Structures are given as C-alpha cells and as structure tokens.
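# Structure assessment
Each chain is listed here by its residues.
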Amino acid sequence: MKAGYLQFKPVFGDPEANIKKIIKLTGRKKFDLLVLPELANSGYLFSDKKELTELSEEIPDGKFCSALKSLSRNKNANIVSGICERSGNKFFNSSVLVCPDGKIFTYRKIHLFNTEKKWFTPGDLPLKTYEITVRGSGKIKIGMMICFDWIFPETARTLALKGAQIICHPSNLVMQYCQRAMFTRALENHVFTITANRTGKDIKKDGGISFTGMSVILSPKGEYLHTGSKNRDECVIIEIDPSVSTDKKINPKNDLYKDRRKMFYRIH
Ligand code: ACM
C-alpha cells in the first residue's frame, strides 16, 4: 500500500490557509494513508482562551474536518490529521481518521506536553485501533497517538496489542529525541510508525517555539524507511507491506507478544 506523511508549517490562526497548503502539497499524489501534523488546522502556540475558542472546531462538522472529508473522498484515501477540537466548553488536542466512505474517528491526546495543560483537557477516549480498507492490501488496522504520547511506551504498546499494524503519529515536536526513539517504538512492537512532524516557528509577542521537522517512517524491524527534511514542506509517500507487522518473531525462539511475562509487570 502507499502510505506517508505531509510535513509543513501550519500558519497560526489560519485554518483556511492550512487546508489550501495541504491540498496543494498533496497535488496529484496517490496514497492509501496519509498522516498530517498535530494541530494542523490551528497552529500550536496559543496566547489566550479567545484564540483557542476561535481556532478550534467541532468534529465532524467543522470547516477543517469537512475539507479533509472531501480530500479523502477525492483521493479515495484515508487521512489522519491533528486537529484543535472544541467539544462543549472543553478543548482537546485531537486527531481524526477520515475515511473515503465519510466515516470519521477521533482520538484525544492523553499525555499533554508542558503548557498544553493550560489549554487542553487530557484525552478522555480509550486508545483504539481502526480497520481501514486498502486496495490490494485488504483490511489494515491502524492506531493513532499524538506527539508527546511517544514518551510513554504504554501508548504504542496498547495500540500494538490491540492489533495496530501502523501507528499514525501526528506531531509538533520541539525536542530532538522522538525521531530517534521511534526506532524503539517500531521495533519493540513490530509495527510501522509514521511520525508526521511540523516545521518552522510559532512566534508571539511574549516568545516563540521552534519545531524540528524530520518526519520519520519506520518499519517493524526498526528500519528508517524515510527521514524528512528539517525545514521543507513535503508530502512523502512510500510503498509498504503492512502484513509484515503481523509477524512478531524476533528469531525462531522469541516472539515479542508470546514471550511477555505479564505476571512480572506491575505497571499500575
Ligand atoms: C508535543 O507533544 N507537541 C511536544
């Protein structure tokens, strides 16, 4: 199947410009699954609640979601995107899976990073996997996690144990660790991972924040199938065989799932 990411610098506060950029960058490309960065509609660095209210939207009927729906339909492809979500009087740092048949599924970031705690309610939905239909590959299970979720190995592990073959990872990374750490998340779970990071800076009068680009796609063996540029907008699509992820063997005698010694794990 054809899977990949779109890396760009969302314009803070301009969801319409961001959707235009996404449509332009996808151009004539063909793909079955595309992952976009975290908060791709709004940008990252909020100054006040008014901004957050104006830039967030309800799922599934908001403008950004509707635009993703038509892109998904036009491309006959599944799209995962970070989105600034408003639900009642709460705000979530969320991602959506938009399928070509019009179905939309939501994940809300469970591990909020730093000042995100000021703006967002921590995710209140279970980590789940979703079956997508892909021409030539049949039904594929994917999971979603968002940016800083990577540092809690339980997140990717839970998705993998629930059958995820591909972990879609919209991100706004500010540190340098994640791109290297995703080697371990992919290898320890034998899954594909697609980290779609953003580039550039969000600048406000009282400070700014820079993002590290270098989106990465890893194989279940921990191979870097693609590493993106630091600064450029890019839409990178590669061919992967998701069935490879169902084999959890490291060697003939070790199976990553069957060899787990759950009685020794006290993680609550
Ligand atoms: C992050 O979670 N956006 C660093």
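Before reading on, note that the structure itself is shown above.
The sections below set out a description of the structure shown in this document. (Residues numbered from 1 in each chain as written. Predicted model: local features only at pLDDT ≥ 70, side-chain atom pairs only at ≥ 80, totals over all residues. Heavy atoms only, no water.)

### Regarding a nonpolar patch on the surface
A cluster of nonpolar residues, Met263, Phe264 and Tyr265, forms a patch on the protein surface that exposes about 380 Å² of accessible area. With respect to the helices and strands, the residue methionine 263 is situated in the segment after strand S16 (254–255). Judged by relative accessible area, which is 61%, methionine 263 ranks as exposed. (Patch = residues over 30% accessible without salt bridge, like charges linked within 9 Å, V, L, I, M, F, W, Y side chains within 5 Å. Areas by Shrake-Rupley, 256 points an atom, 1.4 Å probe, with all protein chains shown as cover. Salt bridge = Lys/Arg side-chain N within 4 Å of Asp/Glu carboxyl O. Helix = DSSP H or I, 4+ residues; strand = E, 2+ residues; numbered from the N terminus. Buried < 20%, exposed > 50% of the residue type's maximum accessible area, 1.4 Å probe, protein only.)

### What about the packing of helix H1 (residues 15–26) against helix H3 (residues 63–75)?
Relative orientation of the contacting elements H1 and H3 amounts to 15°, with a least axis distance of 10 Å. Taken together, the axis directions place H1 and H3 in an arrangement best described as roughly parallel. Here H1 and H3 pass one another in a crossing that is right-handed. On H3, the residues touching Pro15, Glu16, Ile19, Ile22, Ile23 and Thr26 of H1 are Lys63, Phe64, Ala67, Leu68, Leu71 and Lys75. Of the residues belonging to the contact of H1 with H3, the class tally is eight nonpolar, one polar and three charged. (Axes fitted to C-alpha atoms, helices over the stretch in contact; angles between N-to-C directions. Parallel < 35°, antiparallel > 145°, perpendicular 65-115°, else oblique. Left-handed = near helix turned anticlockwise from the far one by under 90°. Contact = heavy atoms within 4.5 Å. Nonpolar A, V, L, I, M, F, W, Y, C, P; charged D, E, K, R; others polar.)

### With respect to the nonpolar core
Ranked by internal contacts, the top residues of the largest apolar core, which has 42 residues, are Leu33, Ile142 and Ile166. When residues of this core are assigned to their parent elements, the largest contribution, four residues, is made by helix H6 (residues 177–189). In this view, isoleucine 142 contacts Leu33, Val80, Leu97, Lys128, Thr129, Tyr130, Ile132, Ala164, Ile166 and Cys168; residues no more than four positions away in its chain are not counted. Among the nonpolar cores identified, the runner-up in size contains 21 residues, and Phe64, Cys65, Ala67 and Ala77 belong to it. (Core = buried A, V, L, I, M, F, W, Y, C linked by side-chain atoms within 4.5 Å.)

### Some remarks on the packing of helix H5 (residues 153–161) against H6
The geometry of H5 relative to H6 is characterised by a closest axis approach of 10 Å and an angle of 35° between their N-to-C directions. Crossing hand, H5 versus H6: right-handed. Here Pro153, Ala156, Arg157 and Ala160 of H5 come into contact with H6, specifically with Arg185, Glu188 and Asn189. Residues belonging to the contact of H5 with H6 are distributed by class as follows: three nonpolar, one polar and three charged.

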